[in-house]
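Summary of structural features
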Amino acid sequence: MPTAFTSNDIQNAIAAASKALSARKEEINRLNVFPVPDGDTGTNMSLTIESVVGNLARLPIGADGAEIRKAITTGALMGARGNSGVITSQILRGLCEGTVGWEGLTSASLATAFEKAVEVAFQAVRKPVEGTILTVLRDSAQAAVNASKLGLPTPEALETVVSEAYASVQRTPDLLPVLKENGVVDAGGFGLAIFFDAFASALTGKEGTLGDELAFARGAAPKVEIEQINDWEGSAFRYCNEFLVDSDTLDTEEALEFLATMGDCELCVGSVPKFKVHVHSNTPDKVLAYFLERGQISEVFIHNMQLQSEERTEMLAAEQQAEAKPLGFVAVAAGEGNAEILRSLGVDVVVSGGQTMNPSTKDLLDAADQVNADAVILLPNNSNIIMAAQSAAELCERPCAVVPTKSVPQAFAALFAVDQDASLETNVEEMTAAYGDVRTGEVTTAIKDSHDAAGNPIAEGDVIGICDGSIDAVGSSVPGVVMDLLAVMEAEDADTCTLLAGEDLSQDDLEALIEAIEEAYEDLEVDAHRGGQPLYPIILSVE
């Protein structure tokens, strides 16, 4: 396990943590039990970190520590959404300020950074509440200090922080009555623990995360019940206001005093010339007018929290009351277009993945657990994922089976054969038979020298066409290889050709390809879609 970390390691770890937080944002959102939902905690925290990652990605190669710290703090401030997002931005700001003068990441420097994060984050909140994200931060910082005093190596210090973050999250219901009443932990604190966990795991190269073994929040989340207060007695203020202010003269203390007269949950953070403002108020016009007199405003978001609360309560009630359908589906796919098609065909959960990014057994098992159905069918859509899907089916607590599709087009055909009134076994049999006649082709670029199915040489950079796992076409252009592949797939004897355009294929190129295929095969019906998959400009099938 590495003990010396470069700035590049830290940036990559932030990106990995952002991905983990985004993947679990709905899980965090469901924990938001307050009758005045200030947006969705998981979504807000995720958007905040995604803004940081975007800023880091724009840095030049070899950027120094000061540039990296500025990218993190600016990105967090500009992207902060809601209370949780703004507080997260201040935690990151404090961590960055605490790293000034670092010569390396040690348990001592980690403790210094966390102590500064506590200082900055608590300063940003006028009325800190125990049992929230701030409590989890403070407890995590104390764990970092203790690890430093013990002289623990950096990886062990990070693991200590993560363990204490989760332990602190588990204690939040004892500190905040509304959490205990609803049987959940604090959403913001849980999100922060997930972020710390994923960051530490990515940085140290540890397999998995501690959070995967701690399902205390996941178990309670779907059972949350929120009493809707139709006359809005849950809050004196209806609107959540947040925006950016550009000003060379803004006094944050005076601004906070003003905001306190306008409502509650007031925040004004940042420094000249960029500030982030957040307040719950019934008079957004007066709030905006005050800051317009002191600078320029942008990125204005005004949310009606009463409507948010009503919509969220209705959504949760519908989920809780919905009867499980007989059969549900989980499919693996890369590309939002492919995912949308699968969902339109009845897939309940689409797991992102495919060639070069195979989801794990746990990913598939977690997806199956999300499906509200008596039984579940998994569609792996890649030969490398079939074994993981079979393992997930064996571990699933409800009846679960695999239809061993090797491509997304095969899944399309299989889903057309579904009969919700038939048994799980019958559906597996019928779906497997349905995709049996589907031949799949994939067009991509060779990443190294090799040979095709006939033993002919392939050079790195050649465009290659793969038919059901066999490299049967090689050329210099995507259209040329597609046409060669169609000949190999005996398209002249088929009725339909489905095209899924990848993210890098332009719409003009797709339309030109459709025209070429229709000209070459007059009786072939071409059904084209924007699949959005990476690496493969075209995935096609004939049947």
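Summarised in this report is the structure supplied together with it.

Cut-offs and rules
- Residues numbered from 1 in each chain as written.
- Predicted model: local features only at pLDDT ≥ 70, side-chain atom pairs only at ≥ 80, totals over all residues.
- Heavy atoms only, no water.
- Pairing = 2+ DSSP bridges.
- Helix = DSSP H or I, 4+ residues; strand = E, 2+ residues; numbered from the N terminus.
- Axes fitted to C-alpha atoms, helices over the stretch in contact; angles between N-to-C directions.
- Contact = heavy atoms within 4.5 Å.
- Salt bridge = Lys/Arg side-chain N within 4 Å of Asp/Glu carboxyl O.
- Buried < 20%, exposed > 50% of the residue type's maximum accessible area, 1.4 Å probe, protein only.

Thoughts on the sheet that holds strand 3 (residues 274-281)
Across the sheet, four strands lie side by side as 2-3-1-4; this open sheet has antiparallel pairing. Looking at which strands have only one partner, the edges of the open sheet turn out to be strand 2 (263-271) and strand 4 (296-304). With strand direction ignored, the average angle separating the axes of adjacent strands in the sheet is 10°. Where strand 1 (residues 239-246) meets strand 4, seven bridges bridge the pair, whose relative direction is antiparallel. Directly across from L244, in strand 4, lies its bridge partner S298. In this fold helix 4 (residues 65-79) packs onto strand 1, strand 2 and strand 3, with an angle of close to 30° to the strand it touches most, strand 3.

A look at the sheet that holds strand 13 (residues 470-475)
Within the open sheet, the six strands sit side by side as 13-12-9-16-14-15. Their pairing is mixed. Because the sheet does not close on itself, it has two edges, and the strands there are strand 13 and strand 15 (525-530). Sheet twist, expressed as the average angle between the axes of neighbouring strands with direction ignored, equals 20°. For strand 14 (residues 496-501) and strand 16 (residues 538-542), the ladder comprises five bridges, and the chain directions are antiparallel. Across the sheet, T498 pairs through a bridge with S541, a residue of strand 16. Against the sheet, helix 18 (residues 408-415) makes contact with strand 9 (439-445), strand 14 and strand 16, and its axis sits at roughly 125° relative to strand 14, the strand it touches most.

A word on the pattern of salt bridges
Opposite charge on two side chains lets them pair, provided their charged atoms get close. Applying the stated criterion across every chain yields a total of 16 salt bridges. Residue R24 pairs with E27 through a salt bridge whose shortest N-O separation is 3.1 Å. According to the relative accessible area criterion, E27 is buried, its value standing at 16%. Between E164 and R171 there is a salt bridge; the shortest N-O distance is 2.5 Å. Ionic contacts of the salt-bridge type, sharing partners, join the residues E130, R138, D139, E164 and R171 into one network.

Considering the pairing of strand 3
Among the eight residues of strand 3, seven are classified as buried, and the element is accordingly described as predominantly covered. As paired strands, strand 1 and strand 3 are joined by eight bridges and run antiparallel to one another. Bridged to L244 within strand 3 is K276. Summarising the sheet, strand 2 and strand 3 pair through seven bridges and their orientation is antiparallel.

From the geometry alone we can't say anything about function, so treat these as descriptive.
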